[in-house]
Amino acid sequence: MSGGALLAERFEEHRPRLRAVAYRMLGSLGEAEDAVQETWLRLDRHAEEVDNLGGWLTTVASRVCLNELRGRSRRREDALDTEVPDPVLTAPERDDPEAAALLGDQVGLALQVVLGTLGPAERLAFVLHDLFAVPFEDIAPLLEKSPAAVRQAASRARKRVKEGAPEPDRDPVAQRTAVEAFLAASREGDFEGLVAVLAPDAVLRADGGAAMAQLSKVIRGGAVIASSAQGFRHLAPFGRLVLVNGAYGVLTVIDGKPVSVMAFTVSGGRVAQIDVLTDPERLAALDLGGLTGPTG
């Protein structure tokens, strides 16, 4: 095997971890792929200088993502409350090792939503240390800060995550029960049923993108969300259960085309948060691999 082929093979061994880091950093599957590709291009130019391949790749991919996050901050000063990250969809009954590698053991899209509210330094420190066990000493040079300062940044991020993302029920049965109850009540137009399954302080975030900007909103309160859901009752029969970032959610498909993805955070047996993506452009770009077929 040639040196170039061997290098490519070794890079592929690290690709799942790099994609996972980049996705958690950027919240965009397309941008994560671009970051991984840029990392490969840099490796191809500097291969002879690399001793610890895994550490070098993680560092370079993180730096690429950090530059992208800083660029976003300059381009958009105000965070969009309605922004929903790209979801990762899988079938409930089918193991998907690639999705599992991308998501790790973190359940739900709510964490990714909160990560999107963090500053670049805090996000990098939290993602690398808390989600991928990178030591603070290795993160410090990336941020040009001391390890102690990086530790503080991760601590601030951890506090924001704890405050901003409801603690999800890890039991998949509890998740599925609540989501099925929500879906059934939506189909029947059962307002009381919806209120019963929603937490009183539940939050719904909807992202329609540029094409469906009128649908972008944040709704707070279980009763208010239940009332709003009744306006979309006509779509409920087209919804089917899927896993959204490892937790139960709903994919709505009409005539073979995705109309929306709903990610649910179930906490204490009730729906605490719903993140809805209705942006046609981003929905069309998702890998739905067989999920848009007829329901059983």
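I will try to describe carefully the structure that is included in this document. (Residues numbered from 1 in each chain as written. Predicted model: local features only at pLDDT ≥ 70, side-chain atom pairs only at ≥ 80, totals over all residues. Heavy atoms only, no water.)

Here we look at the packing of helix H7 (residues 136-143) against helix H8 (residues 147-164)
At a minimum axis distance of 8 Å, the contact between H7 and H8 shows a crossing angle of 95°. Considering the angle they form, H7 stands roughly perpendicular to H8. On H8, the residues that touch Phe136, Glu137, Ile139, Ala140 and Leu143 of H7 are Pro147, Val150, Arg151 and Ala154. Classifying every residue of the contact of H7 with H8 gives seven nonpolar, no polar and two charged. (Axes fitted to C-alpha atoms, helices over the stretch in contact; angles between N-to-C directions. Helix = DSSP H or I, 4+ residues; strand = E, 2+ residues; numbered from the N terminus. Parallel < 35°, antiparallel > 145°, perpendicular 65-115°, else oblique. Contact = heavy atoms within 4.5 Å. Nonpolar A, V, L, I, M, F, W, Y, C, P; charged D, E, K, R; others polar.)

So, the nonpolar core
In this structure, Met25, Leu89, Leu124 and Ile139 are the most contacted members of the largest nonpolar core, which totals 53 residues. Residues within four places of Leu89 in sequence aside, it is in contact with Val242, Leu243, Val244, Leu251, Val261, Leu286, Asp287, Leu288 and Leu291. Grouped together as the second largest cluster of nonpolar side chains are 26 residues, Leu243, Val271, Ile274 and Val276 included. (Core = buried A, V, L, I, M, F, W, Y, C linked by side-chain atoms within 4.5 Å. Buried < 20%, exposed > 50% of the residue type's maximum accessible area, 1.4 Å probe, protein only.)

Details of the pairing of strand S6 (residues 257-267)
The pairing of strand S5 (residues 247-254) with S6 spans six bridges and is classified as antiparallel. In the strand pairing of S6, Val253 is matched with Pro258. Here seven bridges tie S6 to strand S7 (residues 270-277), and the two strands are oriented antiparallel to one another. Among the inter-strand pairings, Val261 is bridged to a residue of S7, identified as Leu277. Counting the residues in the hairpin turn of S6 and S7 gives two residues, including Gly268, whose phi is positive at 65°. (Pairing = 2+ DSSP bridges.)

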